[in-house]
Amino acid sequence: MGFSPDCDRETPDGAGGPAGCGGDLPEEGKNGSPGLVEGAVPEAGGITGPDESGPGLDKPVSTFMGQPPRNRGRLLAWVLAGLVGLLLVGVLFYYLGNFAEPRVLNLVPADTELVVCVKPNYLQQHNINKLIDTYLAIPAVKKAYDEKLKELKDEEATDYELDIRPWLGKEFALAIPRMDQPARAVAMIEYTSKAKAQAYLDKMNQKYQTTQVTYQGVPISVDGGRTAMALSGNYFVIASDKELVERVIDRQKGVLKDSITQSPGYRKVRDNLPGRGSAFAYMKVTEEIKDEMKGSDNGLNFADQIDYQDIGISLSFESSGILTNYLVTTGKAPSFYKKRGTVKEEMKATLELLPDDCIGFFHYSNLGGLFQEAIKGSMGDIGEVLKPIESQLGISVQHDLLDILRGDVTMAVMPQHGSFFGERMAPISLALAVGIKDQQQAADSMDKVTSYLKQNRYRVNQRTAEGFQVYAVEGPYGNDEFGVAMDKQQLVLGSSSQLTDLMVNKHNPLGKSENYQKAFTPFSSDMEPLIYINVPKVMTMYEDSLSALGRSGFQSNVLPWFAPIKSLSLVDSGWNEQSGVIKGGIYLRIEK
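In this report, we go over the structure that sits alongside the text. (Residues numbered from 1 in each chain as written. Predicted model: local features only at pLDDT ≥ 70, side-chain atom pairs only at ≥ 80, totals over all residues. Heavy atoms only, no water.)

Attention now goes to helix α13 (residues 343-353). By the burial criterion, the buried members of α13 are Val343, Glu346, Met347, Thr350, Leu351 and Leu353. Take α13 and look down its axis: the buried residues cluster within an arc of 145°, on one side only. Of the residues in α13, the exposed ones pointing more than 90 degrees away from the buried face are Lys344, Glu345 and Lys348. (Buried < 20%, exposed > 50% of the residue type's maximum accessible area, 1.4 Å probe, protein only. Helix = DSSP H or I, 4+ residues; strand = E, 2+ residues; numbered from the N terminus. Arc of directions from axis to C-beta.)

If you want it as structure tokens, here you go:
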């Protein structure tokens, strides 16, 4: 047996190359002995016989220990290449900042009550540049941008391109130690060139005529005791007072070792907040803030119902917009703020009802629980307000309204479809879709309302359409006042019977429109849509309502900034009792 030098495959003795190889064996493969060129002398140890190599080793050593097959070398090369590739990818992602906590946060004290940090990675920077290019392609925006830069240069004697950009790094942090002293703050800006950052600091020193002091070997520039600046480590530090700059220097030199990254509240927010983004803000909800949030004493004030602890917000630049995620950690929350399990299916049914020309909507999944909480809460006067309404309509708010509610409600703004509760001049119409538990109980309640309307000279026309019971209500003078429709799951109220008919009959639904689908693309499926706004339609509607003079100013000063914005959407997770967090997000979709 031997190996073909052309393909490395084993070949029977005396044979030529293996099938498909096309090569010949060396002489040793043909006659079982080493193939020697005439006149050549074999190398020492090149041939071993039975007496020299032990039992059974009567073939050349080269047969067993010669050059290894090339496929082994290729496999090893691929393994090494793969390991090197993985290492490079890991280094690359670390460089991009996808997994790295901003180092500047190590200079922020652990008990800081508010911190804002900016650190865009490479992908985020690419998206930021794309959005900037989208806006600067609009002549009016480009003009306003250039004027703002000129204004900054004239007023502050600062040229961003010449004075700041040459040394500006990727990390920035603003820290406010105490929320009851918001004017006391410190900012830390990473620099890439100490010489260029020093040149800018020298320019500021000259402009503000600062005095110089030294702390732990670091020069600090002080502007009359009001503002202090220094270059510490890799950061340009500017603060409202010298003491804050000194604390940054202490942490940079290791004298103080605590940081916000070690705070349990910060860690819980940071670890649970979706996405890292380009910017991040953390706020500790202090008792003073809770008192401010409570405000007036009423049963609908969330600060009375929710034990807010910490709040986190992240800002990300997507390829087609700006995404803001928020997270709130809580100790408790009311039952009406817990997410209901059937929201996704209910929302799908509601979107089938709303036409695709919908301008926008507000959605909430537990309206019944919210009202129940309001009635039994501290809003003691609500019962007194409801009593005359109940008496006049002959209904019980609890039995005929709250008891039939499933929980979800959606209020949508539409282009004009008929009148607006009898008014024909309004440019919009309204639609209300409410989830119901029992169609018969809802119909009984509707009968009580229609009975009252008929007694007051209103006309109610009833019919069925597409599985809905439809009520068209006309006023005493024949005006189209409103329309109501209900099936087994939903009750629909339109500000005109024409709009109600449109919703219950076949139409192009909002849920299948491209603008709506793209508006909620960045969010996970467990998020509940709360708000949707079709921005171009809002701008068009507003522009049409202006006078000729007002329209001209709107088109030149306002519309250019809104032209690339296609939609605004907001989602919320409801309160997760197990993790004690509330998640949500806002997405501003921007395209050319």
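All right, on to the environment of Leu453 then. For Leu453, the location among the structural elements is in helix α17 (residues 439-455). A relative accessible area of 9% places Leu453 in the buried class. As for Leu453 and Val473, which are separated by 20 residues in sequence, their C-alpha atoms are 8.6 Å apart. Beyond its immediate sequence surroundings of up to four residues, Leu453 is in contact with Tyr458, Val460, Val473 and Phe482. (Contact = heavy atoms within 4.5 Å.)

A few words now on a positive patch on the surface. Taken together, the side chains of Lys339, Lys344, Lys348 and Lys512 define a basic patch exposed on the protein surface. For Lys344, a relative accessible area of 57% puts it in the exposed group. (Patch = residues over 30% accessible without salt bridge, like charges linked within 9 Å, V, L, I, M, F, W, Y side chains within 5 Å. Areas by Shrake-Rupley, 256 points an atom, 1.4 Å probe, with all protein chains shown as cover. Salt bridge = Lys/Arg side-chain N within 4 Å of Asp/Glu carboxyl O. Lys, Arg positive; Asp, Glu negative; His and termini not counted. Charge placed at Lys NZ, Arg CZ, Asp CG, Glu CD.)

Judged by nonpolar contacts, the single largest core of 30 residues is most densely connected at Val186, Met188 and Val245. Examining the composition of this core, we find that four residues originate from one element, helix α9 (residues 242-252), more than from any other. (Core = buried A, V, L, I, M, F, W, Y, C linked by side-chain atoms within 4.5 Å.)

Further remarks concern the packing of aromatic side chains. The final tally for this structure, using the stated rule, is 15 aromatic pairs. Ring centres of Phe523 and Tyr587 lie 6.5 Å apart, and the angle between their planes is 90°; this geometry places the pair in the edge-to-face category. Of this pair, Phe523 sits in the loop between α19 (514-519) and β20 (528-534) while Tyr587 sits in strand β22 (residues 581-590); the two residues are 64 residues apart in sequence, bridging distant segments of the chain. Assessed through its relative accessible area of 12%, Phe523 is described here as buried. Chaining the aromatic ring pairs together yields one cluster made of Phe361, Tyr516, Phe520, Phe523, Tyr532 and Tyr587. (Phe/Tyr/Trp six-rings, centres within 6.5 Å; stacked < 30°, edge-to-face > 60°.)

This part takes up the pairing of strand β19 (residues 490-494). Within β19, four of the five residues are buried, leaving the element largely enclosed by the surrounding structure. With five bridges joining them, strand β15 (residues 428-436) and β19 adopt antiparallel strand pairing. Residue pairing in the sheet places Ala433 in a bridge with Val492 of β19. Looking at chain direction, strand β18 (residues 480-486) and β19 are connected through four bridges and run antiparallel. By the bridge assignment, Met486 is partnered in β19 with Leu491. (Pairing = 2+ DSSP bridges.)

A surface patch of nonpolar side chains, about 380 Å² in accessible area, is lined by Tyr145, Leu149, Leu152, Tyr160 and Leu168. For the nonpolar patch, the element with the highest residue contribution is helix α6 (residues 139-156), accounting for three residues. If you trace the backbone, Leu168 turns up in strand β4 (residues 168-176).

With that settled, consider the pattern of salt bridges. Overall, the coordinates contain 26 salt bridges when judged by the stated rule. Two residues, Arg270 and Glu101, come together in a salt bridge whose shortest N-O distance is 3.6 Å. Pair noted here: Arg270 is in helix α10 (residues 264-272) and Glu101 is in the loop between α4 (70-96) and β3 (114-118), with a separation of 169 residues, a long-range link. Looking at Arg270, the relative accessible area reads 7%, which means it is buried.

So, on to the environment of Asp544. Relative to the assigned elements, Asp544 resides in helix α20 (residues 535-544). For the pair formed by Asp544 and Pro427, sequence separation is 117 residues and the distance between their alpha carbons is 9.2 Å.

What follows is about the side chain of Ser496. Within the element layout of this structure, Ser496 appears in the loop between β19 and α18 (497-504). Among the polar contacts made by the side chain of Ser496, one reaches the main-chain carbonyl oxygen of His417 at a distance of 2.5 Å. Not counting chain neighbours up to four residues away, the residues in contact with Ser496 comprise His417, Gly418, Ser419, Asp480, Glu481, Phe482 and Gly483. (Polar contact = N/O pair within 3.5 Å; in protein donor to acceptor, adjacent residues only side chain to side chain.)

Geometry only, nothing functional implied.
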